[in-house]
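So you can see what is in the structure, the chains are spelled out below.
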Amino acid sequence: MTTLMPRVLSALDRFHAARPWDHNAHYHRWMLRQLPKRFGKALDVGCGSGDLVRLLAGRAGSVHGLDADPAIVARARELTDPATPVTYQVGEAPKGIPPGPYDVITCVATLHHLPFTETLTRFRDRLAPGGTLVIVGVAKPETLGDQLLGTVSAVLNVAMALLKNRGRGAARPVAMTAKVRPADMSFPDIAREAHRVLPGARLRRRLFWRYTLVWQRS
C-alpha cells in the first residue's frame, strides 16, 4: 500500500496535467447567485485573467480588478472588451486595495496568499453598508472531515475533467497560469478568525479543496 499510493497520486497528476479544468471558475456562477441582480461598484481581489471581473460586469455599474502579477493583469486587459465598464490595477492587497466603498467585493483562491486578518478587515472597511463580500478560499487540510472531502473531490475531479474536456486532452486555461502557493491555515482556524472579524459570516467547506465565505455588511 505504501508503494501503491505514490504511484496512484503520480498517475492522477499526469491525468490532470493533460486534462486541466479550472476549480475556481467552477464556483463563479455560485458566487453570482449570492449577489443582487444589479449593483453599483464591485471589486475583485486577485482577479487573475479577469474571468470573474467580466461576469460581474454584466450586473455592475463598474468593476475594478486588482492583482499583484503584472503579466496576468496584462492578459486580463487583452481579454476584456474596452467597452466593458472594467478597470484593472497591478497592486498588492490589502494595502493596494482602493478606497471604495464597494457594493460587492469578491476574492477567489487568493486570500491564502495574503495576511488573513488584515485582509478581511480591509474588505470589511471597504464594503458599503448593505454590501456583500463573497470569498472562495483554500484551506490547509488537517481534520478527518478535510480528508474525507478531499477523497470525494479526487474521485469527482476525474469525472469533471473527463466531462469538461469530453475525454480529450486540453490546454491549461489562462486563469490557471497565475502563481499559486499552498494554504497554511486550517478551515477551523479560518472560520474562528473570520467570525471574529465578520460577525455573522457564513462559511462552508466545499468540494475541490475549497471553502466559501459570504458576509453582508449591515
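Positions within a chain are numbered from 1, following the residues in the order the chain's sequence is written. Note on the predicted model: pLDDT of at least 70 is required for a residue's local features to be given, and 80 or more for side-chain atom pairs to be given and counted; whole-chain, interface and lining totals, by contrast, use all residues. Working from all heavy atoms in the structure, the side-chain values ignore hydrogens and water.

1. Let's talk about the overall build of the protein
Where helices and strands are cited, they refer to DSSP runs of H or I of at least four residues and of E of at least two residues respectively, numbered from the N terminus. Across its full length, the protein carries seven helices and seven strands. Counting helices and strands in the order they occur from the N terminus, the protein gives α-α-β-α-β-α-β-β-α-β-α-α-β-β. Relative accessibility thresholds used throughout: buried, under 20% of the residue-type maximum; exposed, over 50%; partly exposed, between the two (1.4 Å probe, protein chains only). When burial is assessed residue by residue, the protein has 44% of its 218 residues classed as buried. Considering only contacts within the protein whose residues lie at least 6 apart along the sequence, 70% involve residues at least 24 apart. Exposure was quantified through the Shrake-Rupley algorithm and a 1.4 Å probe, taking into account, for residues, occlusion by the shown protein chains and nothing else. Just so you have it, the protein exposes about 11,300 Å², and 57% of that area is on carbon and sulfur atoms. Here, two residues are considered to be in contact whenever any of their heavy atoms come within 4.5 Å of each other.

2. Examining the nonpolar core
What we call a nonpolar core is a set of buried Ala, Val, Leu, Ile, Met, Phe, Trp, Tyr and Cys residues that are connected through their side-chain atoms within 4.5 Å. Membership of the largest hydrophobic core comes to 28 residues, with the highest contact counts inside it found for Met 31, Leu 35, Phe 39, Ala 42, Leu 56, Val 63 and Tyr 88. Mapped by element, the contributors of at least two residues to this core are α2 (28–33), β1 (39–45), α3 (51–56), β2 (60–67), α4 (70–79), β3 (86–90), β4 (102–108) and β5 (127–137). When sequence neighbours within four positions are dropped, the list of residues in contact with Leu 56 reads Leu 32, Leu 35, Phe 39, Ala 42, Asp 44, Val 63 and Thr 106. Counting 27 residues, the second-largest nonpolar core is a separate cluster that includes Ala 93, Leu 133, Ala 191 and Ala 194.

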